[in-house]
Amino acid sequence: MAPNFDTYHLLTPSEAALWAAQRLSLFSPGASLKAAEIGDGNLNYIFRVVDTATGVSVVLKQSGDTARISDQFKVSPDRNRIEHDVLVRYNAVVPGLVPQVYASDPVLNLTAMEDLSSHRILRKGWLEGRLYPRAAEDLAEFSVKTLVATSDGVLDPKQKKALVRDFINPDLCEITEDLVFTEPFADLRRRNLVSQALLPFVEKELYEDRRLRLEVAKLKAGFLSGSQALIHGDFHTGSVFVREDSTKVIDPEFAFFGPAGFDPGVMAANAVFALLSARAEGRENEAGTFLVRFVDRFIERWKDLWSVSVSDPSFQVPGYAEWHLNRVLSDAAGSAGLELCRRTVGIAQVKDLTALADPQARLRAQRASVRAGKALILGRDRVRSGNDYWKTVRRAAAKEGLD
Ligand code: SR1
Ligand code: MG
C-alpha cells in the first residue's frame, strides 16, 4: 500500500526514503534511496536517506508526540515547526554555522536538512580526545550574533512582538522549567537519577540548601518572564556538530524568547562536564581551554556587536550597554550552574559523567559538578570572565581531588 503523507504518523525508514524521493529535488528520478533511523537523542526521530549510487544524502528530523527518553513527557510535535523556522533564521544570521534547511512538512512535523555525517557531535569528539580549534570562536560568534540580533533595542519592537508570538514554546519550556529549574533542587516527581552513594551529598548540597533554592527561584523567574532574545534553549555540546574546520549548531527546538545568558551558560557548563570527565580519568582534553576562550570571546564579540547594532536611542544612553551585559553575564553564570546540577542529578544526564566506568571517579566528578554548579549560581554576579569560570571550576574540582 502506498504511504499516506496526508495524515500525521511516525514514518518508517522506507516511508522516509519515499518522502525524500517525492518531496526533495536533491535526488534524480528513479534513484535508489536507502534510509535508516539513526536518532539517539531524548526526543525525536532522525532518518538518514542516501542515494546508494551517488552518495548524495539528507537528514529528515521528525517529531513524535512523546519524548523518546520517557513517555511521561507529552510534547507537541509543533516543536518541529519552531526548529525549522529558527534554523531558517539562523541561516540568515550565521550562515555556515548551522545546517542548510531543504524543506519542511507541517503535516508530518518533519524537516529535511543537510546531512552532517562528515562531522562529529562535539561531546563525543571530546570524549575521544579530539581537538576542535575553531569551536570556541565559532560557538561564541553563533551565540552573540543570534542573541544580539533578536534583542530589544536592535529589533523593531513590533517585529519583536510578532516573533515572541511565533516562537511561544510552552511544552518545551515546561520541560526546561521542570528539569533545569525545579527537580534538581527538590525531587518533587521522584524522577531524579541519583545513586545511593551520591544521595546524601545531593540532599545536603541541593535539596536542603535554602539559600541556593532562593537564588534558583530568582533565576527561574527570569526564565519565565525575561523575553530578552530568541535563545536556542538547549545549547550544549550534544547540539553541536564539529570537524576541525567546521562548526554547525543543530537542534533549536527549545527556542523561545528568554534570558540571553541562558545559551552561553549552558555551553560553558557542558565544557565543564568534558573537563571533569577527563580529569576523573586522568586524560588530557581541550575543554578547559575552550571554556576560557568561549567565555572571553563571547564577551568581546558581544561588546563589538552590541555597539554597532543598537538602534533605539533609549538604549544608546551611556552606561546601558554595560548594565545590560552585566545582566547577561550573571544569567550566563547562573545558567551554567543550573546545567551543572541538573545534568548530574536529573533525568537527562550527560555521557561525560555517566560513562565514567570507575564508580569512585564518577562520584568525584559528580560531586565536583554540583560544587561548581552551586558556586556559579551563588556567585553569579562576580563571574565576569573565562578565568572566573576556570577558577570556580578548579576550586570545586580540587575539593574532590580532581586537580
Ligand atoms: C525530556 S527531554 C530531556 C532533555 O533533553 C533535551 O536535550 C533537553 O536538554 C531536555 O532537558
Ligand atoms: Mg536536542
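That block above? That's the structure.
Small disclaimer: the values here were computed from a predicted structure and weren't measured.

Caption draft 1: Region of interest: a nonpolar patch on the surface. Where nonpolar side chains cluster on the molecular surface, the patch consists of Tyr 8, Leu 10 and Val 107 and spans about 230 Å² of accessible area. Residue position: Val 107 is located in the loop between β4 (101-105) and β5 (110-113). Given a relative accessible area of 36%, Val 107 falls into the partly exposed group.

Caption draft 2: View of the sheet that holds strand β8 (residues 240-243). Reading across the sheet, the 3 strands line up as β6-β8-β9 and stay open at both edges, with antiparallel pairing between neighbours. At either margin of the open sheet sits one strand with a lone partner, and together these are β6 (120-121) and β9 (246-249). Summarising the sheet, β8 and β9 pair through 4 bridges and their orientation is antiparallel. Opposite Arg 243, over in β9, you have Ser 246 as the bridge partner.

Caption draft 3: Up close: the site of ligand 1. With respect to spatial proximity, the complete set of residues near ligand 1 consists of Asn 42, Ile 69, Phe 73, Ile 175, Leu 179, Asp 234, His 236, Phe 254, Arg 342, Arg 343 and Ala 348. For ligand 1, an oxygen atom lies 2.7 Å from a polar atom in the side chain of Asp 234. Contacts to ligand 1 include Arg 342, whose side-chain N or O atom sits 2.9 Å from an oxygen atom. Relative to its free-state accessible area of 320 Å², ligand 1 is covered by the protein chains to the extent of 94%. Its atoms largely coinciding with the cavity grid, ligand 1 occupies the largest pocket. Among the residues forming the shell around ligand 1, the class breakdown is 6 nonpolar, 2 polar and 3 charged.

Caption draft 4: Quick look at the sheet that holds strand β2 (residues 45-51). Overall, antiparallel pairing links the 5 strands, which are arranged β1-β2-β3-β5-β4 in an open sheet. The strands lining the two open edges of the sheet, one partner per strand, are β1 (33-37) and β4. On average, each strand axis in the sheet is tilted by 20 degrees relative to the strand beside it, whichever way the strands run. Two elements, β4 and β5, share 4 bridges in a ladder whose sense is antiparallel. The residue of β5 that forms the bridge with Val 101 is Met 113.

Caption draft 5: Empty space enclosed by the protein, seen in detail. Under the defined criterion, the tally for this structure stands at 2 cavities of 30 Å³ or more. One number sums up the size of the largest cavity: a volume of about 60 Å³. Arg 89, Tyr 90, Val 93, Thr 146, Ala 149, Thr 150 and Leu 230 together form the lining of the largest cavity. Looking at the lining of the largest cavity, the elements that each hand over two or more residues are α2 (79-93) and α4 (135-149).

Caption draft 6: Representation of the packing of aromatic side chains in the model. According to the stated counting rule, one finds 13 aromatic pairs in the structure shown. Summarising the aromatic geometry, the rings of Phe 142 and Phe 235 are spaced 5.3 Å apart at their centres and angled 25 degrees between planes, so their arrangement reads as stacked. Highlighted residues: Phe 142 in helix α4 and Phe 235 in the loop between β7 (229-231) and β8, separated in sequence by 93 residues. Accessibility classification places Phe 142 together with Phe 235 in one group, the buried group. Between Phe 298 and Trp 302, the ring centres sit 5.7 Å apart and the planes meet at 35 degrees, which makes this aromatic pair tilted. Here Trp 302 and Phe 298 lie together in helix α10 (residues 287-309), a separation of 4 residues that amounts to about one turn. There is no split in this pair, since Phe 298 and Trp 302 are both buried.

Caption draft 7: How the structure looks around the packing of helix α13 (residues 359-378) against helix α14 (residues 386-399). Their axes nearest at 8 Å, the elements α13 and α14 cross at an angle of 140 degrees. Comparing the axis directions of α13 and α14 gives the class oblique. Pair α13 / α14 crosses with right-handed handedness. On α14, the residues touching Ala 368, Arg 371, Ala 372, Ala 375 and Leu 376 of α13 are Tyr 389, Thr 392, Val 393, Ala 396, Ala 397 and Lys 399. Taken together, the residues that form the contact of α13 with α14 break down as 8 nonpolar, 1 polar and 2 charged.

The rules behind the values
Residues numbered from 1 in each chain as written. Chains lettered and ligands numbered in written order. Predicted model: local features only at pLDDT ≥ 70, side-chain atom pairs only at ≥ 80, totals over all residues. Heavy atoms only, no water. Patch = residues over 30% accessible without salt bridge, like charges linked within 9 Å, V, L, I, M, F, W, Y side chains within 5 Å. Areas by Shrake-Rupley, 256 points an atom, 1.4 Å probe, with all protein chains shown as cover. Salt bridge = Lys/Arg side-chain N within 4 Å of Asp/Glu carboxyl O. Helix = DSSP H or I, 4+ residues; strand = E, 2+ residues; numbered from the N terminus. Buried < 20%, exposed > 50% of the residue type's maximum accessible area, 1.4 Å probe, protein only. Pairing = 2+ DSSP bridges. Near = heavy atom within 4 Å. Polar contact = N/O pair within 3.5 Å; in protein donor to acceptor, adjacent residues only side chain to side chain. 1 Å grid on protein atoms, 1.4 Å probe; cavity = no way out; pocket = protein on both sides within 12 Å on 5 of 7 lines; lining within 4 Å. Sits in = over half its atoms within 2 Å of the grid points. Nonpolar A, V, L, I, M, F, W, Y, C, P; charged D, E, K, R; others polar. Axes fitted to C-alpha atoms, helices over the stretch in contact; angles between N-to-C directions. Points joined across faces, edges and corners; volume = space filled by probe spheres on them. Phe/Tyr/Trp six-rings, centres within 6.5 Å; stacked < 30°, edge-to-face > 60°. Parallel < 35°, antiparallel > 145°, perpendicular 65-115°, else oblique. Left-handed = near helix turned anticlockwise from the far one by under 90°. Contact = heavy atoms within 4.5 Å.

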